[in-house]
Structures are given as structure tokens and as C-alpha cells.
Amino acid sequence: MSISAKQSGAKALAKRLKRKGIIVAPGAYDALSAKIAAQAGADCVYMTGFGAAGSTLGVPDIGLMSATEMADRVRALAASALPAPLIADGDNGHGGPLNAARLTRLYESAGAACIQLEDQVFPKRCGHMENKEVVSTTEAAVKIRAAADARESTDFKIMARTDARSMNGMKDALKRAEAFLTAGADILFVEAPRSEKELVKICETFPDTHLIANMVEDGKTPYLTAKELEQMGFKIAVFPVTALLAVTKRLQDVYGAVLSNGKLPDGEDRVTFQTYNEVIGLPELLAEAAELDG
């Protein structure tokens, strides 16, 4: 990815944040899903750490992906999602302040438009799993400050997430979010509120801040539409695992059908071989190759 392409994603997100209306960011877990999300017209694409762990290593989201593995994933998704900007899950920074700063530089260099950093201990867990733990507010805020200072451009955004609601209650979660905002966060993410009342409380507490709502199927937070979230005051609605859950079911069905029938039965829903090649950009690449050959 060229330097201009890397910068374009961050600039696109910065401009989009200034416009009215909520940003709907579907979750992507690999380059193909990021490309298809962008082709579908997504304002922004969200790289889910939950999905990255599952699709890359076939493991749950419990901190098993390394920082370099995550950065490599960002590079692939950011390039594939263009022109849509990529918000990328950075877990808890994979260490202390220096690690968070390094990860921020890696993500920005890889073409992400925003890094998400959370206040969980290591190893972390998905925000809608049980038995999470958080570090102190001070420790987490120092990492947010380190990330904000490490970026080359303020177009590249720092999203600060707190998981404190599940363990310490909403009061502490809001207090932490305020500390992260003071530390340099551009976007706040209070994870796993339990009711619409709590969602409204977040927006009332931070009326002039870009806020993100995380819509997880079967999760702890009420599952609302982007319009409903916009009316509350949220700026970004992410649906991180929607596609992953749907694709997982489809893979189970397809592999089961092939093994049961000896081939894919007629009538099974799929794209054609030609359509897939068009989606993935084969005609454009072949034309580019022909032009280079002269």
C-alpha cells in the first residue's frame, strides 16, 4: 500500500466524523470480508479482534494473537477495504505504554484509520465474555496517552475502550472514559452496557464526544438499529461479529452438505466462479498486468 493510500483511510475517517449522521461499521475478519463490506457500501469497516483470532488461528478471543500477527492482519484488511477506512482492534496494546505506542505506529503504518485500545488485563477476553478484569484507570490512561503521542498524524484516531462496566459498574466505567478522553482519546467506547437506559447515560455524560456502540448478537447490550443509536447520540455503530457468525453457519452447512452428498447439491446458495473472480478484482489485475507488459 502506498503512503498516499495509507493516509487516505485516516483522512476519510476524520472527514466522515465531522459530517452529520451515524457511521455504520460492519465487522470484517479477513481481507475478503473487508473487501466485500466496502463493496457493499460501508462508510467504514471494523476489524474485529474476535474474528481475527478465529479466522487466523482458529482460536477464541482470549489474547492469543500477537501484536505482529494483529498488525499483519491490519495491513491486509486496510488495503482490501479501501476506499472505506478501517477501524482496527488493538486489544489492550499488547503490553505497557511502550507496547501500546509501538502498536499504534504499526497500525498507522499498516493503513488503519483508527486503533482501538482497551483497559483489560492480559490475557484479555472478548468484551461480552464473563470473568474479565481491568487494569487501574491510571495505567490504562497512560497507555492511551502513549498511543496518542506516538501517531504521526492526528487524522489517525485513538479509540479508548473500557470494560469496567461488567466488573465495577457504570459509574466507574464513565469515570474511566473521562480519564481516557483527558489522556488524548478521540473516540470513547464504553463496552457492554446492559440496558437502553445505560446507553442513554453514556451519551448524556459525553454529549460532545464521538461515541461508539457495539452491537453483538446474543451479547450483553440491547441489540438496536443504527438509527436508534443515532437518536441516542452515538456516532459509530459497529456490528463486529455479524458476518462472522453468519459465515460460520454457512461453512458448517456447506461442508456438511458436501460430505453427506459427495458434492455440493444443486440449488445451494453461492456465487459463481466468475462472480467470485470479479469480486476479488481479477479483471482489473489482469488489465493492469497487460498494461505493464506493454
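Provided above is the structure to which this section pertains.
Residues numbered from 1 in each chain as written. Predicted model: local features only at pLDDT ≥ 70, side-chain atom pairs only at ≥ 80, totals over all residues. Heavy atoms only, no water.

Quick rundown of the overall build of the chain? Include the residues and the values.
Helix and strand counts for the chain come out as 13 helices and eight strands. Radius of gyration (C-alpha) of the chain: 20 Å, near the 19 Å computed for a compact globule of 294 residues. Structurally, the chain occupies a C-alpha span of about 55 × 50 × 35 Å along its principal axes. Buried positions account for 48% of the 294 residues belonging to the chain. (Helix = DSSP H or I, 4+ residues; strand = E, 2+ residues; numbered from the N terminus. Rg over C-alpha atoms; globule rule 2.2 N^0.38 Å. Buried < 20%, exposed > 50% of the residue type's maximum accessible area, 1.4 Å probe, protein only.)

How would you summarise unusual backbone geometry if you had to cite specific residues and measurements?
Note the cis peptide between leucine 82 and proline 83, where omega equals 10°. On the secondary structure map, proline 83 appears in the loop between helix H4 (67-81) and strand S3 (86-89). Of note, the phi angle at aspartate 218 is positive, near 65°, even though the residue is not glycine. With respect to the element layout, aspartate 218 can be found in the loop between strand S7 (210-214) and helix H10 (226-232). Residue classification places aspartate 218 among the exposed positions, given a relative accessible area of 79%.

So what's going on with the side chain of arginine 165? Residues and values would help.
With respect to the element layout, arginine 165 can be found in helix H7 (residues 164-168). You can call arginine 165 buried: its relative accessible area is 16%. Polar contacts involving the side chain of arginine 165 include one to the side chain of glutamate 198, which spans 2.9 Å. Beyond its immediate chain neighbours, meaning those up to four positions away, arginine 165 contacts Met170, Ala173, Glu191, Ala192, Pro193, Arg194 and Glu198. (Polar contact = N/O pair within 3.5 Å; in protein donor to acceptor, adjacent residues only side chain to side chain. Contact = heavy atoms within 4.5 Å.)

I'd like a description of the pattern of salt bridges, backed by residues and values.
Taken as a whole and judged by the stated rule, the model has 14 salt bridges. Note that arginine 165 and glutamate 198 form a salt bridge whose closest N and O atoms lie 2.9 Å from each other. A residue pair is termed long-range when its members are at least 10 positions apart, and arginine 165 in helix H7 and glutamate 198 in helix H9 (residues 196-205) qualify at 33 residues. By the burial criterion, arginine 165 is buried, and glutamate 198 matches it. Measuring nitrogen to oxygen at the nearest pair gives 3.1 Å for the salt bridge that ties arginine 250 to glutamate 268. Pair noted here: arginine 250 is in helix H11 (residues 242-261) and glutamate 268 is in the loop between H11 and helix H12 (273-280), with a separation of 18 residues, a long-range link. Glutamate 268 gets classed as partly exposed once you look at its relative accessible area, which sits at 27%. Here the salt bridges share partners, and the residues they tie into one network are Glu118, Arg161, Asp163 and Glu191. (Salt bridge = Lys/Arg side-chain N within 4 Å of Asp/Glu carboxyl O.)

Please provide a residue-by-residue account of the sheet that holds S7, values included.
Backbone hydrogen bonds are what pair the strands of a sheet, in a parallel or an antiparallel way. Strand order in the closed barrel formed by eight strands is S1-S2-S3-S4-S5-S6-S7-S8, and the pairing between neighbours is parallel. For this sheet, the mean inter-axis angle between neighbouring strands, taken without regard to orientation, is 25°. Examined bridge by bridge, S7 and strand S8 (residues 236-239) share three bridges and lie parallel to one another. Across the sheet, alanine 213 pairs through a bridge with alanine 237, a residue of S8. Relative to the sheet, helix H6 (residues 137-150) contacts strand S4 (114-118) and strand S5 (157-162), its axis offset from that of S5 by approximately 170°. (Pairing = 2+ DSSP bridges. Axes fitted to C-alpha atoms, helices over the stretch in contact; angles between N-to-C directions.)

So, the environment of leucine 174: which residues are in play, and what are the values?
On the secondary structure map, leucine 174 appears in helix H8 (residues 170-183). Taking the C-alpha atoms as reference, leucine 174 lies 7.7 Å from threonine 205; in sequence the two are 31 residues apart. With sequence-adjacent residues up to four places away left out, leucine 174 is seen in contact with Lys201, Ile202, Thr205 and Phe206.

Any chance you could break down H11 for me, citing the residues and the numbers?
With 20 residues, H11 should reach 28 Å at 1.5 Å per residue; the first-to-last C-alpha distance of 29 Å fits that figure. Immediately beyond the C-terminal end of H11, within one or two residues, lies glycine 262, with a positive phi of roughly 85°. (Expected span 1.5 Å × (residues − 1).)

Before we move on, could you go through the packing of aromatic side chains and cite the residues and values that matter?
A full pass over the atoms with the stated rule returns one aromatic pair. Ring geometry for tyrosine 223 against phenylalanine 239: centres 6.1 Å apart, planes inclined by 90°, an arrangement best described as edge-to-face. Here tyrosine 223, found in the loop between S7 and H10, pairs with phenylalanine 239, found in strand S8; they are 16 residues apart in sequence, far enough to count as distant. Taking relative accessible area as the criterion, phenylalanine 239 reaches 14% and is therefore assigned buried. Here arginine 161 stacks its cationic end above the ring of phenylalanine 189, 5.4 Å away from the centre of that ring. (Phe/Tyr/Trp six-rings, centres within 6.5 Å; stacked < 30°, edge-to-face > 60°. Lys NZ or Arg CZ within 6 Å of the ring centre and 35° of its normal.)

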